[in-house]
Amino acid sequence: AERATTTGPRTVRAARGTTLSAKSWQTEAPLRMLMNNLDPEVAERPDDLVVYGGTGKAARNWESFDAIVRTLEGLEADETLLVQSGKPVGVFRTHEWAPRVLIANSNLVGDWATWPEFRKLEQQGLTMYGQMTAGSWIYIGTQGILQGTYETFGAIARKRFDGSLAGTLTLTGGCGGMGGAQPLAVTMNGGAVLVVDVDESRLQRRVEHGYLDEYTADLDEAIARVLAAKASRTPLSIGVVGNAATVFGDLLLRHRSGDLVVDIVTDQTSAHDPLAYLPVGVEFGDWSAEAERDPEAFTDRARGSMAKQVAAMAGFQDAGAEVFDYGNSIRREAELGGLAHDRAFAFPGFVPAYIRPLFAEGKGPFRWAALSGDPADIAATDRAILELFPDDEHLRRWITQAGEKVHFEGLPARICWLGYQERHLAGLKFNEMVASGELSAPVVIGRDHLDSGSVASPYRETEAMADGSDAIADWPLLNALLNTASGATWVSIHHGGGVGIGRSIHAGQVIVADGTELAAEKIARVLVNDPGTGVMRHVDAGYERAREVAAERGLRVPMQEG
Ligand code: NAD
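Worth saying up front: this structure is predicted, and the values here are computed from it rather than measured. (Residues numbered from 1 in each chain as written. Predicted model: local features only at pLDDT ≥ 70, side-chain atom pairs only at ≥ 80, totals over all residues.)

This part covers the overall build of the protein. Summing up its helical and strand segments, the protein has 19 helices and 17 strands in all. Its C-alpha radius of gyration of 24 Å places the protein within 12% of the 24 Å reference for a compact globule of 562 residues. Each principal axis of the C-alpha atoms in the protein carries an extent, and together these give about 70 × 55 × 50 Å. Of all 562 residues assigned to the protein, the portion counted as buried reaches 53%. Sequence separation of at least 24 residues holds for 71% of the intrachain contacts in the protein that already meet a minimum separation of 6. (Helix = DSSP H or I, 4+ residues; strand = E, 2+ residues; numbered from the N terminus. Rg over C-alpha atoms; globule rule 2.2 N^0.38 Å. Buried ≥ 20, exposed ≤ 12 C-beta atoms within 10 Å, placed from the backbone. Contact = placed C-beta atoms within 7 Å.)

In this section: the sheet that holds strand β10 (residues 264–265). Pairing between the strands of a sheet is mediated by backbone hydrogen bonds and can be parallel or antiparallel. The strand order across the open sheet built from six strands is β8-β9-β7-β6-β10-β11, with neighbouring strands paired in parallel fashion. Each edge of the open sheet carries a strand with a single partner, namely β8 (214–216) and β11 (322–323). Of the strand pairs in this sheet, strand β7 (residues 192–197) and strand β9 (residues 236–241) are connected by six bridges, and their pairing is parallel. Within β9, the residue paired with V196 across the bridge is V240. Set on the sheet, helix α6 (residues 200–208) makes contact with β7, β8 and β9; between it and β9 the angle comes to about 160°. (Pairing = 2+ DSSP bridges. Axes fitted to C-alpha atoms, helices over the stretch in contact; angles between N-to-C directions.)

This next bit is on the UniProt feature "domain: Urocanase Rossmann-like" (unreviewed entry) in the protein. Following the UniProt record, one finds the feature "domain: Urocanase Rossmann-like" (unreviewed entry) at residues 141–354. This span, residues 141–354, is 50% helix and 11% strand, and a straight line between its end C-alpha atoms measures 24 Å. (UniProt positions renumbered as here; feature names shortened; annotations may be inferred.)

Let us now look at the packing of helix α18 (residues 517–540) against helix α19 (residues 544–553). Between α18 and α19, the least distance of the axes is 8 Å, while the angle of their chain directions is 130°. The orientation of α18 with respect to α19, classified from their angle, is oblique. Classified by chirality, the crossing of α19 by α18 is left-handed. Across from V535, H538 and V539 in α18, the residues of α19 making contact are A546, R547, V549 and A550. (Parallel < 35°, antiparallel > 145°, perpendicular 65-115°, else oblique. Left-handed = near helix turned anticlockwise from the far one by under 90°.)

What follows concerns the UniProt feature "domain: Urocanase C-terminal" (unreviewed entry) in the protein. The UniProt feature table records "domain: Urocanase C-terminal" (unreviewed entry) at residues 357–551. With 46% helix and 18% strand, the stretch residues 357–551 has end C-alpha atoms that lie 16 Å from each other.

Among the 26 residues in the neighbourhood of the ligand, the closest are listed as G176, G177, D199, G327 and N328. Where the shell around the ligand is concerned, the elements lending two or more residues are β7 and α8 (244–256). For the shell around the ligand, the residue count by class is eleven nonpolar, twelve polar and three charged. (Near = placed C-beta within 6 Å. Nonpolar A, V, L, I, M, F, W, Y, C, P; charged D, E, K, R; others polar.)

Time to look at the nonpolar core. When a protein is soluble and globular, its nonpolar side chains tend to lie buried together. Ranked by size, the top nonpolar core spans 153 residues in total, and within it L194, V310, A369, V443 and V444 carry the most contacts. For this core, the leading source of residues is helix α10 (residues 295–318), giving ten residues. With residues up to four places along the chain from it excluded, the contact list for A369 reads M33, I140, L411, P412, A413, V443 and V444. Counting six residues, the second largest nonpolar core, distinct from the first, contains L450, V455, A456 and W475. (Core = buried A, V, L, I, M, F, W, Y, C linked by C-beta atoms within 7 Å.)

The next point concerns the packing of helix α14 (residues 375–388) against helix α16 (residues 423–436). Angle between the axes and distance between the axes: these two values describe a pair of packed helices. Closest axis-to-axis distance for the α14/α16 pair is 10 Å, and the angle between their directions is 135°. Between α14 and α16, the crossing angle belongs to the class labelled oblique. In the crossing of α14 with α16, the sense of the turn from one axis to the other is right-handed. Counted together, A380, T381, A384, I385 and L388 of α14 and L425, A426, K429, F430 and M433 of α16 form the full contact between these two elements.

This part takes up the pairing of β7. Two faces make up the sheet, and in a regular strand the side chains alternate between them. Of all six residues in β7, six are buried; the element is thus mostly enclosed. Here β7 shows two buried faces, one formed by A192, L194 and V196 and the other by V193, V195 and D197. The pairing of strand β6 (residues 169–173) with β7 spans five bridges and is parallel. Residue pairing across strands places L171 opposite L194, the latter belonging to β7. Following the backbone out of β6, through helix α5 (residues 181–188) and into the adjacent parallel β7, one traces a crossover that is right-handed. (Right-handed = clockwise from strand over helix to strand, strands pointing away.)

On to the pairing of strand β13 (residues 413–418), then. With six of six residues buried, β13 lies mostly within the body of the structure. Here six bridges tie strand β12 (residues 364–370) to β13, and the two strands are oriented antiparallel to one another. Along β13, the bridge assignment pairs A369 with A413.

What follows concerns the confidence of the model for the protein. Per-residue confidence for the protein gives a mean pLDDT of 95, with 99% of residues at or over 70. What the predictor reports for the complex is a pTM of 0.89 with an ipTM of 0.96. (pLDDT = per-residue confidence, 0-100.)

Here we come to unusual backbone geometry. Backbone geometry at S106 places phi at a positive 65°, although glycine is not the residue there. Counting through the fold element by element, S106 comes out in the loop between β5 (101–105) and α3 (115–123). Note on S106: 26 C-beta atoms within 10 Å, which makes it buried. A positive phi is found at W137, a non-glycine position, where the angle reads about 65°. As for its placement among the helices and strands, W137 is situated in the loop between α3 and α4 (143–160).

This paragraph deals with α6. For an α-helix the count is 3.6 residues per turn, leaving residues at separations of three or four pointing the same way. When α6 is considered as a whole, its buried residues turn out to be R202, L203 and R206. In an axial view of α6, the angular spread of the buried residues amounts to 100°, which keeps them on one side of the axis. Turned more than 90 degrees off the buried face of α6, the exposed positions are S201 and E208. Where α6 is buried, its residues meet α5, β7, β8 and β9. Looking one or two residues beyond α6, the residue adopting positive phi is G210, at roughly 80°. (Arc of directions from axis to C-beta.)

Summarising the element assignment, W112 is placed in the loop between β5 and α3. Distance from W112 to G141, taken between C-alpha atoms, is 31 Å for residues 29 residues apart in sequence.

What follows is the structure in structure tokens.
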């Protein structure tokens, strides 16, 4: 008989402190992290179980949520819960080295992997969209965006400017949800930045949240302020109210005439959706009415304006600036708007340009959360990281400033990029700190699925791989299998995160540092092997840096031996 559906939306918040409702920390941890993802401080639409990224959910529905909670509370140390697209579907006897939870979200057979098919199946209650860290219970709020953006600008600093952006000027567009991290990421790297947005309220909001220093509607004033900051090598971010399609062109003229030098140019307007990009000639107040009245005509105008903006970006590239596409498809939209292909694609996307060299070293968005709920635990882990990696200036700058500037959302957490043969040092240290009582409760250690060996995504993470293997999805599957074999606490395989259904396959792992000897054994394997798959993947694709890292740090790759 059908059970009555008595469950529904309510406010969820992870327990804090050391009283367990599950039988051990190994199952208390996934329980708290599931709940943390749905904390109103963390989730975008908690009533609908949506955590972030459009419709990325933590559980299929409230009944499934309740059943997961109930099952985790009773789960034994030698049992494994299986979750199929947000619904708990089975409990199996395994062993204590096995994951306590195995998750598969949003996966579809190739020919069926389209949004319309997915939505149909979702409406039938058969699946859910898991995004990357929503359905795998390791989302930590906007800190992740800020850190990823910090990392990109840090990579540019190392590539072109001796490791710091001090004395440089960055020009960018778009100060919205994700783009709003740009000004703070640049100033954290020591630079001056001018960010153009048509929507004054967006700039206002970033100032209120400490992501932007100030804003003005007066372009000349904005330019004077950032040039003074650049000259004195002082970090400063200025927002200017304006349309990037015209402001970029205007600044290029001034750059060419020698009035100013722009060093770095990018953009994070919502170019991927032409109705969300304001064309030149449309008043800000008429935006939504115009877009609704004739979406096709509006799209044409938006693309025409993007063609202007991208032509200016290509002009900056010609003039020697560091120019890149920041993952918003503006190059392709500009081409659709009439710009010649070789001009539209005159500059690279950010992954091939800056992130891939980090991926080749197994570096990626490593993160951890304090199950105690006590910010002092994260402060202690921050100090431990600084002690473990005293020579990494870039890491020191991030950890120090994150401690001052990042407000925690939900359970206190920290993210930083660490690579192969680095992550386990942090994990083992944290485990010791739990054992000694220096941390007041265990920590969970995980990462984004956007990592060096765990994602196949030809429009983003695996764009333009050296050997053309962009769409090969064996790698994330091997990553998940290896993490399962190595002792991770929960492991997930998802489809469609970041770039949408049909466009990516990716995997995640989380491991609990509960202070036990067994946890240390597992950490020593998982946190070596997991980033190791990234080095392996990049060795296989022919990246020289990955070969060096494998040779120097002892990663075995059979085809390189003998
Ligand atoms: P958002 O919609 O919150 O913000 C976009 C901003 O652009 C808005 O503030 C809007 O006012 C402004 N804008 C629109 N037209 C403009 C114009 N002509 N001139 C100046 N400003 C204009 O979007 P978001 O979440 O900040 O994301 C921005 C883009 O970055 C999206 O295309 C998104 O897909 C992409 N993105 C990339 C990554 C990545 O990995 N690099 C991550 C997330 C998002």
